[in-house]
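The lines below spell out each chain.
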Amino acid sequence: MTLPTPTSHVAEEERRPTRIVGLGASAGGLEPLEQFLAQVPVPSGLAYIVVQHLDPTQKTMLTELLQRATSMPVREVTASMPVKPDTVYVIPPNAELTVKDGLLRLAEPNEPRGMRLPIDVLFCSLARDQGAHAVGVVLSGMGSDGTLGLQAIQSQGGLTLAQDPRSAQFDSMPKSAIAVGAADIVGLPGDLPNRILLVTGTRPNATGPAHGVGDAAADELGPILELLRTHGEHDLTLYKPSTLRRRIERRMAIHGFHGTAEYADFLLANPSERDLLFKELLIGVTSFFRDPQAWDELGSIVLPELLARREPDKPFRAWVAGCSTGEEAFSLAMLFTEIRDRTAGAAAATLQIFATDLNADAIAFARRGRYPASATAALSAERLARFFRAQADGQVIEPRIRDLVLFAQHDVIMDPPFTRLDLLLCRNLLIYFNVTLQKRLLPLFHYSLRPGGVLMLGESETVGSAQNLFASLSSKSRLYRRGPAAAAFGAVTFPVHRRSAARTPAQELPMSPQTPPGANLQTLADQLLLQKYSPAAIVVNGTGDVLYISGHTGRYLEPAAGKANWNIHVMARPAIRTQLTVALRRAVKERAAVDVHGLHLDGDATRQLDITVEPIDEPKALEGLVMVVFREINVPPTAKSGRHKRGGTIDPAISTELMRSQEELKALREAMRAAEEERQAAIEELQSTNEELQSANEELTTSKEESQSMNEELQTINVELRSKLDDLALAQGDMQNLLNSTDIATLFLDEDLNVRRFTEQVKRIINLREADIGRPLSDLATTLNYPELYVDAKETLRTLSFSEKEISTSDQHWFKVRIMPYRTVANVIQGAVITFVDITAAKQLESRLRKT
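Residues numbered from 1 in each chain as written. Predicted model: local features only at pLDDT ≥ 70, side-chain atom pairs only at ≥ 80, totals over all residues. Heavy atoms only, no water.

(A) Structural detail: the overall build of the protein chain. On a plain count of helices and strands, the protein chain comes out with 26 helices and 32 strands. Across the 852 residues of the protein chain, 43% fall into the buried class. Here the analysis covers contacts within the protein chain between residues at least 6 apart in sequence; of these, 63% occur between residues at least 24 apart. For the protein chain, the accessible surface area stands at approximately 45,100 Å², while carbon and sulfur atoms represent 53% of it. (Helix = DSSP H or I, 4+ residues; strand = E, 2+ residues; numbered from the N terminus. Buried < 20%, exposed > 50% of the residue type's maximum accessible area, 1.4 Å probe, protein only. Contact = heavy atoms within 4.5 Å. Areas by Shrake-Rupley, 256 points an atom, 1.4 Å probe, with all protein chains shown as cover.)

(B) Representation of the nonpolar core. One finds W319, F433, F445 and L455 to be the most contacted residues of the largest nonpolar core, which totals 45 residues. Where this core is concerned, the elements lending two or more residues are α9 (222-232), α10 (241-255), α11 (260-269), α12 (271-281), β11 (316-321), β17 (421-426), α18 (435-448) and β18 (449-457). If one sorts the elements of this core by residue count, α18 sits on top with 5 residues. (Core = buried A, V, L, I, M, F, W, Y, C linked by side-chain atoms within 4.5 Å.)

(C) View of unusual backbone geometry. In this model, V42 is joined to P43 through a cis peptide bond whose omega is 5°. Inspection of the secondary structure puts P43 in the loop between α2 (30-38) and β2 (46-52). Of note, D101 is a non-glycine position whose phi angle comes to about 55°, a positive value.

(D) Up close: the side chain of E328. Along the chain, E328 falls in helix α14 (residues 327-342). At 2.8 Å, the side chain of E328 forms a polar contact with the side chain of R427. For E328, the residues in contact, after removing those within four places along its chain, are T286, S287, R290, W295, V320 and R427. (Polar contact = N/O pair within 3.5 Å; in protein donor to acceptor, adjacent residues only side chain to side chain.)

(E) Representation of a nonpolar patch on the surface within the structure. A cluster of nonpolar side chains, M710, L714, I717 and L721, forms an exposed patch at the surface whose accessible area comes to about 400 Å². Counting through the fold element by element, I717 comes out in helix α24 (residues 652-741). (Patch = residues over 30% accessible without salt bridge, like charges linked within 9 Å, V, L, I, M, F, W, Y side chains within 5 Å. Salt bridge = Lys/Arg side-chain N within 4 Å of Asp/Glu carboxyl O.)

(F) Representation of α11. Residues T260, Y263, A264 and L267 constitute the buried set of α11. Each buried residue of α11 sits inside an arc of 105° when the element is viewed along its axis, so together they form one side. Within α11, the exposed residues directed more than 90 degrees away from the buried face are A261, D265, L268 and A269. (Arc of directions from axis to C-beta.)

(G) The sheet that holds β2, seen in detail. The 7 strands lie next to each other as β3-β5-β2-β1-β8-β9-β10, forming an open sheet whose pairing is parallel. Sheet topology places β3 (74-76) and β10 (185-187) at the edges, where each strand pairs with a single neighbour. The average undirected angle you get between the axes of adjacent strands in this sheet is 20°. Strand direction decides the pairing type here: β2 and strand β5 (residues 88-90), joined by 3 bridges, are parallel. Note that in β5 the partner of I49 across the bridge is Y89. Here helix α4 (residues 118-130) sits on the sheet in contact with β1 (19-25), β2 and β8 (135-138), set at roughly 165° to β1. (Pairing = 2+ DSSP bridges. Axes fitted to C-alpha atoms, helices over the stretch in contact; angles between N-to-C directions.)

(H) Highlighting the sheet that holds strand β19 (residues 470-474). Taken in spatial order, the 7 strands of this open sheet run β16-β12-β11-β17-β18-β20-β19, and their pairing is mixed. Edge strands, defined here as strands with exactly one partner in the open sheet, are β16 (405-409) and β19. Sheet twist, expressed as the mean angle between neighbouring strand axes with direction ignored, is 20°. The pairing of β11 with β17 spans 3 bridges and is parallel. Looking at the pairing, A318 lines up with L423 of β17.

(I) How the structure looks around the packing of aromatic side chains. Across all of its chains, the model carries 14 aromatic pairs by this definition. Here the aromatic rings of Y263 and F266 are separated by 6.3 Å at their centres, their planes lie at 25°, and the arrangement is stacked. You can see Y263 and its partner F266 sitting in helix α11, 3 residues apart, about one turn around the helix. A relative accessible area of 0% means that Y263 is categorised as buried. Ring centres of F288 and Y371 lie 5.0 Å apart, and the angle between their planes is 75°; this geometry places the pair in the edge-to-face category. (Phe/Tyr/Trp six-rings, centres within 6.5 Å; stacked < 30°, edge-to-face > 60°.)

(J) Fine view of the pairing of strand β29 (residues 755-758). Bridge count between strand β28 (residues 745-749) and β29: 3 bridges; the pairing is antiparallel. Its bridge partner lying in β29, F748 is registered against R757. Between β28 and β29, which pair antiparallel one after the other, the connecting turn spans 5 residues, and L753 there sits at a positive phi close to 60°.

(K) Highlighting the packing of α11 against α12. Running from N to C, α11 and α12 point in directions that differ by 115°, and their axes come no closer than 5 Å. Overall, the two elements α11 and α12 adopt an arrangement that is roughly perpendicular. Touching Y263, F266, L267, L268 and A269 of α11 are P271, E273, R274 and L277, all from α12. Residue classes in the contact of α11 with α12 are distributed as 7 nonpolar, no polar and 2 charged. (Parallel < 35°, antiparallel > 145°, perpendicular 65-115°, else oblique. Nonpolar A, V, L, I, M, F, W, Y, C, P; charged D, E, K, R; others polar.)

(L) Local environment of the pattern of salt bridges. What the rule picks out here adds up to 22 salt bridges. Across the pair R166 and D164 runs a salt bridge, and its minimum N-O distance is 2.8 Å. Overlapping salt bridges, with partners in common, bring together E806, K843, E846 and R850 in one network.

(M) Molecular detail of the pairing of strand β21 (residues 536-540). Summarising burial for β21: 5 of the 5 residues are buried, a large majority. Across 4 bridges, β21 lies against strand β22 (residues 546-550) in antiparallel orientation. Its bridge partner being in β22, A537 is matched across the sheet by S550.

(N) Region of interest: the environment of G29. With respect to the helices and strands, the residue G29 is situated in the loop between β1 and α2. Note on G29: relative accessible area 0%, which makes it buried. For G29 and F170, which are 141 residues apart along the polypeptide, the C-alpha to C-alpha distance reads 8.0 Å.

(O) Looking closely at helix α7 (residues 192-200). Within α7 the residues assigned to the buried category are L192, P193, I196, L197, V199 and T200. The arc that holds every buried residue of α7, seen down its axis, measures 165°, which confines them to one face.

(P) Representation of the packing of helix α13 (residues 292-308) against α14 within the structure. Relative orientation of the contacting elements α13 and α14 amounts to 55°, with a least axis distance of 10 Å. With respect to α14, the axis of α13 lies oblique. Of the two possible hands of crossing, α13 and α14 adopt the one that is right-handed. Together, W295, L298, G299, L303, P304 and L307 of α13 and E328, S331, L332, L335, F336, I339, R340 and R342 of α14 make up the contact between the two elements. Looking at side-chain class alone, the contact of α13 with α14 contains 9 nonpolar, 2 polar and 3 charged residues. (Left-handed = near helix turned anticlockwise from the far one by under 90°.)

Take it as geometry only, folks, not as evidence of what the structure does.
So this is what it looks like as structure tokens:
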């Protein structure tokens, strides 16, 4: 591992823009921001951008508050502000903040208030501008803002962190990021700065992993890639070295390793870390209708044309390779449904989408068809209403759209492709493969498509040197039509088997010897001797897939009828199949050569066949493969069996048949022994499964007990609620009796001056019955000579001051009418109360006194 010279390192640092750490929190997340900034050492060499969910109508005090927690200058961002290290930048209210070319840029929000995702906006711009140097931190907050942004940073090889939800006042944002695997590091806010500085290698007086790993040679990653291949049977050696190195270096930095050998030992001892590294190497960034312009062209031009020339009674077949969590596959299903519904004569068209990805977790997520609100935020309201069902935790794909997509775990490098396709989407996948693998996959895609089928790539991808296979339909949207089949015939490399395909060197062995230009005499002589006198032989893998053929093997092997199958167990002639199968199994198991003698082909008793099955250990490129050599020996026609019975000689043909039967019997015994071993292994697996089922049964029993306990608690709560309802009913009865006992007519109105409740005494003044509850006061008939009653009540609600008047009635009674605001226990106005006190006797006494 070579280290950069101090001079070159300093020059590189001077050319590199300031590394930025994005911090996202909700309006109530001031405390974790203060805890984070308080632990940042100065100088750290990093810049910090704070984005918070702010009230767009109020001026923020965030700058002044954060300044108390750090000695770094804290500034509110202005337009086109340059980024400087050891400075904290705060987003202003009612703005979207992005980073471009090392400058902070402000823009007005595009979304209405309540639907804005400012943290995602900042993090996505950091991913585009800083790539692998971007750092994103999600702290306490409600919703899922920041999750998509962290995924974008991850896709570029940047570092992502989240606050431990247990320490967050509002845990929705960090929980959302952690749930989708978007957080590399989870910890307390005060611990995160130190973790960032260790990973980025910018801690003062410390040598970060970047200085020890950044210039690692590609071959140093070999042991790590071999561990991943052995662990998961997936070959990542054809991925771009820079992509692999960047992600491996980041995992090393997270754990504090400075060398690949040290990290390889850690991987060997920790299967969980192998899983994490493998998942990180699988880029999983996607979204619904990503790159809208490309989808518009697909829907307006390509799909209608493909539908118009489709064959009747045949489904429209599409393959979405590298589908990640399924957004693109469902986007295609939605778009196809829209096009079919508005295209005349296309109502009967059916769609079958094969959506595949190497990441089993992503496939499991896609199969559920359940997405958080942040993932569907960019979809139109029409599509949300038509293709989704809203639930408490997000949106769920409608079953009719979900049924159009078949999800499967699939390795595009090793597994056979889907064929007879009308459309193939492979977007933003080829960019992670090296040129060799791209050249191998494009002819395979050509083979998979029907004549006239369409290939859709990502915006950063092209067909490259395979331009003779595809005609461009839109260079900007990366849409290509399949060219003539003859152009690609013979250039297609088919994966034989998942395990055999991982042996790339063996798979690319030439099918026949070729004379290299400028070969010397020895080389030519060796080739001639091999062609003329060497026995027929084949090279297979451990499961019997034929990888290489030397000489003429037609007498021993023949292709089976039906679908092409290049497996020796299927291709072997019936007369030698059993013995060959047993020999191959023994050779693979014992890692030693196995010889089989005295075999005879059907109808030929004059020639004897010997077979040698030998595992290959050298060269390393062929390690793990098996060589099968066929040798034929002439049997002299005068040969006797040497075995007499009753003075006669056994016919040679009978002797040969006996020997052949004995060999077959021996082979069958070996096969029975192997079958018995497999049966025993199956019994052990069943016993293990039975133990697991018993454990699951115990867990279910425990869950049942917990459910019973919870049911008892619910019953207790129900009893308490019934008791409270009884108390409430009693209190209501007491209030009603109190009101009736006062003999004061009382009328309760709501905020709109509609009748809410009344006492019995009111019926003498206003014609009311139970059915009148909810009627406006202005509609009620009354004996009062008080036409301004409604106006006075409305004025009381407006001014919150009571009104009191003495009013006569049409039947010669007088009432003191008092109108007051109705105040709740919480001092909230919820209508008005009108009381009618009978003062007829007082008025009559007053009248008599005046007369006297």
